[in-house]
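Take a look at the letters that make up each chain.
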Amino acid sequence: METFYREMRKKYAVLMDGKDPIGGQWNFDEDNRKALKDRSLLKKPRVHPKEVAHITQLLAASGVNCIGNIDPTHFNWPTSREESLEVLQYFCEELLVHFGAYQDALTTWDPYLFHSRLSFSLNCKLISPLEVVQTVEAYWSRHQDQIGIAQVEGFIRQILGWREYMRGIYWAKMPEFAQLNYFGHERKLPDWFWTGNTKMNCLSQSIQQSLDLAYAHHIQRLMVTGNFALLAGIHPDEVDRWYLGIYIDAIEWVEITNTRGMSQFADGGIVGTKPYVSSANYIKKQGNYCSTCAYQAEKKTGEGSCPFNSLYWHFHARNRDLLEKNPRIGMVYRTWDKMSNRQELLDQAEDYLAHLEEL
Amino acid sequence: MTKILRLVLGDQLNSQHSWFTLPNSSVTYLMLEMRQETDYVTHHIQKVVGFFLSMRQFAQDLQEQGHQFIYLTLDDPQNQQSLPAQVQALVRKEGFTRFEYQLPDEYRLDQQLQACCADLGIPCQAFDTEHFLSDREFLTNFFKGKKPTSWRPFTVK
């Protein structure tokens, strides 16, 4: 992906200074991992509220089965090229300045943070990836005194690099890709994925938001819901169905590669190099979900211990044969082997796995 | 006389596509709200609403520019609710001599359209969506152990 991304930067002359990347490096991801501390930075999204009762009535009268919530008097997603271009302009003027820094932040304060809300417009092709990338670059080049390169590069990489690369994977690997289940996971998705009704605050918030808005940002998708589904050993078919249905931008080519591939590692490493899993520590560090949770992020076992902690170790222990030789994961097993509470962690995880519906 | 039917899928709302440069009286565009698409997975209601609204707006805007459209809403009595059945029915009824579509992004629809074309009995042609910046197949050779084919740049307008 990194090679491809660099080629695309050169091919389309995006963020280039002759043959070299502007800013002297290709990738500024290291600067993009902050938690949001200052609420006053947040901006309201640019919305285009529309009356849509005629469509919701059509769906109801036709008996189309849907999930999620809608306010038929305020449908807020852009549905035309003009509206999409306005959302793009708003992103440049108001959100880009903080996009990269907080793109991985998790917060109960705001569902969109500094994300562009352009994924639906892009995926149904109301706007093109090249015009988005060029508009953002042009805006940045006129406002370099206010907007850092890391904000811009992180955004452009998602569209010029990752999005195109995922599509390439999809067409290279379908239809087999849809059958891959590297870990042989078989569990059913807990019912609370469809209601948000779980005591784990990060999941409850991320799922409720998804049901209300048909949207969650990539770290909510990857490191909250996706992380949990992988640690809990949910069948990738179940996970795919959920992601493909619930998000307004979800079309199979982009959904299945990101879900079954990147998030669930069910492809055994075609998309990514290692599974995206974490214990509670990552989620706590990225935001404020844990501070009001019924579970304790620091607690590994026993009453009130955050399920992410014991499930994290259970996942690694049960998949040792498949993961230990991965050079990016080997460290985890050296840590695990030195831990004295291995049995307690495994027992705790077994107990949570037996009661997934009640978590 | 040439009578062309051109399919536009719900995620192909690219008004900048070369198809739409000038209205052409021998071309009719086809857009469909279908149970086939509302039901292949259980969608969020905002997703279905978002697609239908965007599709309707797209067809309306292009009709105002002089393009001819057949737009079937979900409750239209003529709606077959299935893509191949609808195309078959229209070709037979309206006497289209040619069927054209843009390459779908989904494998499911790609297979369905290829099968549909094989049965249609008139010339069929697929066009690029003129949206992405790389070729659909650019990684296919890479995974067969060959070097990736180059990602063809579109002309920058």
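All values derive from a computational prediction rather than experimental measurement.

Q: Any chance you could break down the nonpolar core for me, citing the residues and the numbers?
A: One finds Leu59, Leu203, Phe228 and Phe308 of chain A together with Met31 of chain B to be the most contacted residues of the largest nonpolar core, which totals 150 residues. If one sorts the elements of this core by residue count, helix α6 (residues 149–173) of chain A sits on top with 14 residues. Taken together, domain 1 (2–173) and domain 2 (191–358) of chain A each give at least three residues to this core, which thus spans both. With near-sequence residues (within four places) excluded, Phe228 of chain A lies in contact with Trp192, Phe193, Met200, Leu203, Phe308, Leu311, Leu356 and Leu359 of chain A. Of all hydrophobic cores here, the second largest spans 21 residues; its members include Leu32, Ile70, Phe96 and Cys116 of chain B.

Q: Report on the interface of chain B and chain A, specifying residues and quantitative values.
A: Frequently, the measure chosen for interface size is the accessible area that the parts lose on association. Residue-level contacts link 53 residues of chain B with 68 residues of chain A. Roughly 5300 Å² of surface becomes buried between chain B and chain A when both sides are summed, with 68% attributable to carbon and sulfur atoms. Counting across the interface, chain B meets chain A through 2 salt bridges. Measuring nitrogen to oxygen at the nearest pair gives 3.8 Å for the salt bridge that ties Asp105 of chain B to Arg167 of chain A. Within the residue set of the side of chain B that touches chain A, elements represented by two or more residues are α1 (35–38), α2 (45–64), α4 (107–120) and α5 (140–143) of chain B. A total of 13 residues in the side of chain B that touches chain A trace back to one element, the largest contributor, which is α2 of chain B.

Q: Kindly report on the domain arrangement of chain A, identifying the contributing residues and their values.
A: Residues and elements named next belong to chain A. Here the domain parsing of chain A yields domain 1 (2–173) and domain 2 (191–358). On a C-alpha basis, the centres of domain 1 and domain 2 stand 25 Å from each other. Summing the contributions of domain 1 and of domain 2, the shared interface buries around 3000 Å²; its carbon and sulfur component is 64%. For the interface between domain 1 and domain 2, the tally reads 14 residue pairs in polar contact (both at pLDDT 80 or more). Listing elements by their share of the side of domain 1 that touches domain 2, those giving two or more residues are α4 (119–123) and α6. When residues in the side of domain 1 that touches domain 2 are grouped by element, the largest group, 7 residues, is from α6. For the side of domain 1 that touches domain 2, a count of residues per class yields 15 nonpolar, 8 polar and 6 charged.

Rules and cut-offs
- Residues numbered from 1 in each chain as written.
- Chains lettered and ligands numbered in written order.
- Predicted model: local features only at pLDDT ≥ 70, side-chain atom pairs only at ≥ 80, totals over all residues.
- Heavy atoms only, no water.
- Core = buried A, V, L, I, M, F, W, Y, C linked by side-chain atoms within 4.5 Å.
- Buried < 20%, exposed > 50% of the residue type's maximum accessible area, 1.4 Å probe, protein only.
- Helix = DSSP H or I, 4+ residues; strand = E, 2+ residues; numbered from the N terminus.
- Domains from an automatic or database assignment.
- Contact = heavy atoms within 4.5 Å.
- Buried area = accessible area lost by both parts, 1.4 Å probe.
- Salt bridge = Lys/Arg side-chain N within 4 Å of Asp/Glu carboxyl O.
- Polar contact = N/O pair within 3.5 Å; in protein donor to acceptor, adjacent residues only side chain to side chain.
- Nonpolar A, V, L, I, M, F, W, Y, C, P; charged D, E, K, R; others polar.

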